[in-house]
Each structure stands twice: as structure tokens, then as C-alpha cells.
Amino acid sequence: MTNNDSDLHVVILAAGQGTRMKSSLPKVLHRISDLALIDYVLRAADAVAPASTTVVVGHRADVVREHLRTRPRIEFALQEPQLGTAHALQTTEQVLAGRTGTVVLLSGDVPLLSPNTLRRLVDTHRGANAAATVVTATVERPYGYGRIVRTDGRIARIVEERDASPTERQIREINSGIYAFDLAPLFESLRGIASQNAQGEFYLTDLIAIYRRRGLSVETLLIENSQEIRGINSRTELAEVSGLLRQKKNEELMGAGVTLVDPATTYIDPDVEIGADTVIHPGVVLEGQTRIGAACEVRAHVRITDSTLGDRVTIDNFCVLVGARVADGAAIGPFAHLRPETVVGEKAKIGNFVELKKTTMGPGSKASHLSYLGDATIGAGVNVGAGTITCNYDGTRKHPTVIEDGAFIGSDSQLIAPVTIGKGAYVAAGSSITGDVPPGALGIGRGQQVNKEGWVARKKGTPAKT
Ligand code: UD1
Ligand code: CA
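Residues numbered from 1 in each chain as written. Chains lettered and ligands numbered in written order. Predicted model: local features only at pLDDT ≥ 70, side-chain atom pairs only at ≥ 80, totals over all residues. Heavy atoms only, no water.

The coordination sphere of the calcium ion (ligand 2) contains the protein donors Asp-109 (OD) and Asn-233 (OD1), at a distance range of 2.5 to 2.6 Å. Taken together, the residues span a long stretch of sequence, with Asp-109 in the loop between β6 (102–107) and α5 (115–127) and Asn-233 in the loop between β11 (218–222) and α9 (235–255) at a distance of 124 residues. Asn-233 shares its class with Asp-109; the two are buried. (Donors = N, O, S within 2.8 Å, 3.2 Å for Na, K, Ca; no water. Helix = DSSP H or I, 4+ residues; strand = E, 2+ residues; numbered from the N terminus. Buried < 20%, exposed > 50% of the residue type's maximum accessible area, 1.4 Å probe, protein only.)

Before going further, it helps to examine the packing of aromatic side chains. Summed over all chains, the structure comprises 4 aromatic pairs. Ring plane angle 10° and centroid distance 5.1 Å describe the contact between Phe-335 and Phe-353, whose orientation is recorded as stacked. Here Phe-335, found in the loop between β24 (331–332) and β25 (337–338), pairs with Phe-353, found in strand β27 (residues 349–357); they are 18 residues apart in sequence, far enough to count as distant. For Phe-335, a relative accessible area of 38% puts it in the partly exposed group. Judged by centre distance (4.9 Å) and plane angle (20°), the ring pair of Phe-408 and Tyr-426 falls under stacked. Of the two residues, Phe-408 is situated in strand β34 (residues 408–409) and Tyr-426 in strand β37 (residues 426–427); the sequence distance between them amounts to 18 residues. Using a relative accessible area of 33% as the deciding quantity, one classes Phe-408 as partly exposed. A cation over an aromatic ring shows up here: Lys-398 above the ring of Tyr-393, its NZ or CZ 5.1 Å from the ring centre. (Phe/Tyr/Trp six-rings, centres within 6.5 Å; stacked < 30°, edge-to-face > 60°. Lys NZ or Arg CZ within 6 Å of the ring centre and 35° of its normal.)

What follows covers the nonpolar core. Formed by 47 residues in total, the largest nonpolar core has its most connected members in Ile-315 and Ile-421. Mapped by element, the contributors of at least two residues to this core are β23 (324–326), β27, β29 (366–374), β30 (376–378) and β36 (419–421). Of all the elements, β27 adds the most residues to this core, at 3 residues. By size, the runner-up hydrophobic cluster in this structure holds 35 residues, among which are Val-41, Leu-113, Leu-118 and Val-122. (Core = buried A, V, L, I, M, F, W, Y, C linked by side-chain atoms within 4.5 Å.)

As a further point, take the pairing of strand β1 (residues 5–14). With 7 of 10 residues buried, β1 is to be regarded as a mostly interior element. Bridge analysis of β1 against strand β4 (residues 50–57) gives 7 bridges, and the strand direction is parallel. Residue pairing for β4: Val-10 is matched across the bridge by Thr-53. Direction of pairing for β1 relative to β6: parallel, over a ladder of 6 bridges. Bridge pairing in β6 places Leu-13 opposite Ser-107. (Pairing = 2+ DSSP bridges.)

Our next topic: the pattern of salt bridges. Under the defined criterion, the tally for this structure stands at 20 salt bridges. In this structure, the salt-bridge partner of Arg-69 is Glu-66, at a minimum N-O distance of 2.9 Å. Residue class for Arg-69 comes out exposed when judged on its relative accessible area of 56%. Classification of Glu-66 by relative accessible area gives partly exposed; the value is 44%. As a salt-bridge pair, Glu-161 and Arg-147 come within 2.7 Å of each other at their nearest N and O atoms. Of this pair, Glu-161 sits in the loop between β9 (154–159) and α6 (166–169) while Arg-147 sits in strand β8 (residues 147–151), and the two are 14 residues apart along the sequence. On the basis of relative accessibility, which here comes to 2%, the residue Arg-147 falls in the buried class. By sharing partners, the salt bridges in this structure join Arg-147, Glu-161 and Arg-169 into a single network. (Salt bridge = Lys/Arg side-chain N within 4 Å of Asp/Glu carboxyl O.)

A rise of 1.5 Å per residue sets the reference length of α9, with its 21 residues, at 30 Å; its end C-alpha atoms lie 30 Å apart and thus fit the reference within 8%. Those residues of α9 not exposed but buried are Leu-238, Val-241, Ser-242, Gly-243, Leu-244, Leu-245, Lys-249, Asn-250 and Leu-253. Lining the buried residues of α9 we find β2 (31–32), α1 (37–46), β12 (259–260), β13 (267–268) and β14 (273–274). Backbone geometry just downstream of α9 places Gly-257 in the positive-phi region, at approximately 95°. (Expected span 1.5 Å × (residues − 1). Contact = heavy atoms within 4.5 Å.)

It is worth spelling out the site of ligand 1 at this point. Taken together, 23 residues lie around ligand 1, and Gln-79, Gly-84, Thr-85, Glu-160 and Asn-175 are the ones closest in. Measuring from an oxygen atom of ligand 1, one finds a backbone N or O atom of Gly-16 at 2.9 Å. The separation between an oxygen atom of ligand 1 and a polar side-chain atom of Thr-85 is 2.7 Å. Taken by itself ligand 1 offers 750 Å² of open surface, and the protein chains cover 90% of this. Secondary-structure elements contributing two or more residues to the shell around ligand 1 are β1, α3 (85–90) and β10 (173–182). (Near = heavy atom within 4 Å. Polar contact = N/O pair within 3.5 Å; in protein donor to acceptor, adjacent residues only side chain to side chain. Areas by Shrake-Rupley, 256 points an atom, 1.4 Å probe, with all protein chains shown as cover.)

Right, here's the structure in full:
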């Protein structure tokens, strides 16, 4: 907060409904991976350290406000009704009153914008002492964007797709909808904008012609990577931009030494970190604040959310990990489910059809087949047999299970919590354990077996064979 640029203010337009999304959710709250579109825009804005950030809300303003509730230092302007982009900017006049310097205007629906481009915009604008600077790009398919009309090489005006003549539609230089404005002439000039156009809206883009007529200087910043300024107006564009973002993340990771067997089917959120020589197989989804160490192997069709993996961890096919921590050299899966607050120790093994919740597995411990371990603290070198269940829930409350170092739990046992299995103790297979088993003891909790000789024959009424 200390190094903020006191003469720089960011305004983000987010009042539109986003009609083309056909959604009850405001457009800027649609998500790419785990972030809403507007979150990306705010992240880019943070990079230029503005003195203030104002978000213009309108359509379902309360929902957008609520989404941004936890973000510090955001001011809001309410645009009601939404009469166009110029009108939207006008609504910030009160909020920005008394402030000086530069306003950077961003669109809430342009999420890929890089901090670097924003810095260049501010530098270009200030360097040229311009009244307005427009970020533009030359694209193959300009359809839908405002076009940059130049005379003698200088920007003369911007014409919207729907208002453009056939010749103007041929122009491939487009308006990104991202600008820098000098605050001094801005609000007074916005009042000069009319709504005589195809949509009957107050177009911010009309400001350019007004400035040129009044002899105020307008600059452009033509950027190379036009992908960065892709706006999202439909679900198709949302999917396309998601794809671009994913591709960028995948390329960064591969550049840093991670093998992605099939990048096209690998879905990795922007904040995920992965160490070198880790191999990620097809169909893997890595979400949220996930960190994966070096030389791990994540096999096909695994989802990992908000989890931390050490080095040399193997996650076999079809596992789901949410909020788990897995230490170096551990092996998980196939078909394992690690739920929040699970901690798997070094070189521990969690096999197929094992579910862990709020459970700590000590180093070298194993639960290889078919188990539910919940609210359990399991020490080192423990063997949890196939089919072991911690009965942690009595219908009202959850109860803990403790299994101390070196214990051996025979297959198909139920540990009825609260219960402690002492150090090195054994539990006989097929037991229902209702009381603590002392260290070094054998706990057997099952009915005595009885064999009834000749029972089958008697039942069928035939004499027993001798
Ligand atoms: C706008 C530009 C166009 C540019 C394109 C880039 C205008 C008139 N056109 O068109 O030149 O090529 O962006 O993506 O400015 N909004 C409000 N209030 C309103 C209307 C819109 O806050 O009354 C917000 C929207 O929520 C959105 C942004 O402004 O975040 C852009 O609006 P949108 O309707 O998407 O404009 P485009 O038609 O894409
Ligand atoms: Ca748009």
C-alpha cells in the first residue's frame, strides 16, 4: 500500500448484464478455473499499484458487490439503468471527485490482460502527455469489436461494429476497450456524448472523435499479442479464453521442467505449482492452491484440489484429493479419496477404494484396500487391513480413533470410536473393537465360530452320507 501511485486510478466496468451469456449470473462473475472474470482484471490492476480502484456495478449489483466483499480498498459506483459504456464511466464522477492524474479504464470481461501491458499503457500515456490513450490490436477476425479509424496514420475515431460502413468493417485494428484518460477534461467531455447509434447507448468510444475535434491529443498503444485483450461476451468465448489461459499455464510448467503427457487434456489452475521432473498424465485436473513437488507422477484422470504433495509422490489413476497433504515418496491410489485435513506421511501407502477424512497416516503406514478412515490419528509403520472401517459417527457426534506406531489391524475390522489401539498391538481379523487395545496386546472382538456337523443334510431331510 505504501508504494501506490497517487496519481493513478483504476475504473473497472462491470455493470452490464452480459445478455449474450444467457445467464442469471452477471457476466463478470462467470469463472475461468477457480476465479471469476473480474478477479483476473483486479489482479492485473493491482500490478500498477493504483491509488484507488472503482468498480462500476449495475446489473445484479448486490451479487457483484458480495463477490468482491473480501477485497480491500475497492470503491463502487452504481450505474442504474445501464445506458452504455460512456454512461458507466460517468457514474464514477462522484467517487473520483477531487482526484487528479490518470484513470485507467478496464472492462470486467477482459481477463487475460497482462500487468505488463497495463504498465506500458500508463507509461505511453504519460510519456505523450495525452488526454486519452487507447489500447488496440490488429486481429484476423475483428467481428464484434469497435474499429480504429485512422486519418494520416493517427486515430480519428472508433466505430462500433453495428454502426460501421462495409469499408470500415474491413479494418482489422480493433478497440480493446482498455484506455488511459487524463482526469482533467474527462467528465466534462463525457457529457458531450449522444446516443444516436444502432444500440441507442452512450458509447465511450465516441469520446475519441470529440477529443480530436477539440484538439486534445489521443494516442494508441498497439499491442502484439491480441489474445490478451480478448473480451468475453458468450459461453463460446468463455471456453476459448479458458483454453488460452490453460495453454499459457501449461507452457509455463513445461518450460519449468514438468512433463505434461497431453497438454490438451490437462487442466491446471493458474496458482498451481509443480516441481521439475514431475509427470502429469492425460485427463488430470489440478485446482486451487495445489502444490506438487519434484519427480512426482500423477496418472490419468486424477483431480487434486487445494492439496500439497511432497517429492516423488505417486498418485495412481482415478484419485480425488481435496485439502490433503501427502509427504515425500508416498503412493496413493488407484481409486483413492483423500478428503480435507488428511495428512499422509512419508512413504505411506493408500491403496484402492480407501477413503480418508481428517486423518493422519504416519510414515510408512499402509491402508492398501477398501477402507474408511475418518477422524483417525495413525502412527508410523501401521498396517491397516483390507476392509477396516473407523466407525467415527454415532449419529450426533464424530469421535476419534488412535492407532499407535507399529499396530496391525486385521482385515474387515470395525474400530468403534472413540478407541485407541496401542503401540504394536494386533487386532484380529473380522473384529468389532469397542474398547481400547493395550500396547502389545491382541484384541479379538468377534463371536466364537461353531461348526454344526451334518447340519445341511438334516435340513434337507436326507440321510447323511457316511
Ligand atoms: C466494447 C467497446 C468496443 C470494444 C469492446 C472490447 C463501446 C461502445 N464498445 O464493446 O469498441 O471493441 O468493448 O471488448 O464501448 N458495461 C457497463 N455498463 C453499460 C454497458 C457496459 O458497465 O451500460 C460494461 C460491461 O459490463 C462490460 C464492459 O462495459 O464489462 C463492456 O461492455 P460490452 O457491452 O461488453 O461492450 P462491447 O460490445 O464488447
Ligand atoms: Ca465486451
